[in-house]
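Each chain is listed here by its residues.
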Amino acid sequence: MFYSIIVCRLRVDLAFLVDGSGSIENQGKGNFMRVLDFVKTLISFFPISARQTRVGMVLFSTRPYPIFRFNRYYSKTSLIKAVDRVRYPYGGTRLGRALRYVSRYAIF
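Quick caveat, the model's predicted, so the values are computed rather than measured.

## Some words on the overall build of the protein
Regarding its fold elements, the protein presents four helices and three strands. Mapped in sequence order, the helices and strands of the protein form the string β-α-α-β-β-α-α. Burial status across the protein gives 35% buried among its 108 residues. Long-range pairs, those at least 24 residues apart, make up 75% of the contacts in the protein between residues at least 6 apart in sequence. As presented, the protein carries roughly 6,900 Å² of accessible surface, and 56% of it is formed by carbon and sulfur atoms.

Here it is as structure tokens:
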């Protein structure tokens, strides 16, 4: 079967808030890597550039970890490599703290 890939052509700021708490792997070994694979797959559907789609990412567990801001990477290759470098931090699930961080400091 042949599938055609439809690429979004609108200007988008795409932000990922990724759960890196201990409960992710407790629900199934390899889940954190599955989440990162999902992020990479989603990125592949967008034209990445300063004028098209910009991507930012914050990882959280006990505290938020800014991984990269919207103005850091402007190619799919560099974004994929950056996501590949993300390591699982473990820790508690402090979602409220992560949401406050993103709303206050954003990732712009």
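Still to come is the rest of the account.
## Quick look at the packing of helix α2 (residues 31-43) against helix α3 (residues 76-84)
α3 packs onto α2 with a crossing angle of 175° between their chain directions and a minimal axis gap of 10 Å. In terms of orientation, α2 lies roughly antiparallel with respect to α3. On α3, the residues touching Leu-36, Val-39, Lys-40 and Ile-43 of α2 are Lys-76, Leu-79, Ile-80, Val-83 and Asp-84. Residues that form the contact of α2 with α3 fall into these classes: six nonpolar, no polar and three charged.

## Examining the pattern of salt bridges
Tallied over the full model, the rule gives three salt bridges. The salt bridge partner of Asp-13 is Arg-54, with a shortest N-O separation of 2.8 Å. Of this pair, Asp-13 sits in strand β1 (residues 12-19) while Arg-54 sits in strand β2 (residues 53-60), and the two are 41 residues apart along the sequence. According to the relative accessible area criterion, Asp-13 is partly exposed, its value standing at 38%. Residue classification places Arg-54 among the buried residues on the basis of a relative accessible area of 18%.

## Some thoughts on the pairing of β1
Burial of the side chains of β1 is restricted to one face: Val-12, Leu-14, Phe-16 and Val-18 are buried, whereas none of Asp-13, Ala-15, Leu-17 and Asp-19 on the reverse face is. Bridge analysis of β1 against β2 gives eight bridges, and the strand direction is parallel. Its bridge partner lying in β2, Phe-16 is registered against Met-57.

So, how was this worked out
- Residues numbered from 1 in each chain as written.
- Predicted model: local features only at pLDDT ≥ 70, side-chain atom pairs only at ≥ 80, totals over all residues.
- Heavy atoms only, no water.
- Helix = DSSP H or I, 4+ residues; strand = E, 2+ residues; numbered from the N terminus.
- Buried < 20%, exposed > 50% of the residue type's maximum accessible area, 1.4 Å probe, protein only.
- Contact = heavy atoms within 4.5 Å.
- Areas by Shrake-Rupley, 256 points an atom, 1.4 Å probe, with all protein chains shown as cover.
- Axes fitted to C-alpha atoms, helices over the stretch in contact; angles between N-to-C directions.
- Parallel < 35°, antiparallel > 145°, perpendicular 65-115°, else oblique.
- Nonpolar A, V, L, I, M, F, W, Y, C, P; charged D, E, K, R; others polar.
- Salt bridge = Lys/Arg side-chain N within 4 Å of Asp/Glu carboxyl O.
- Pairing = 2+ DSSP bridges.

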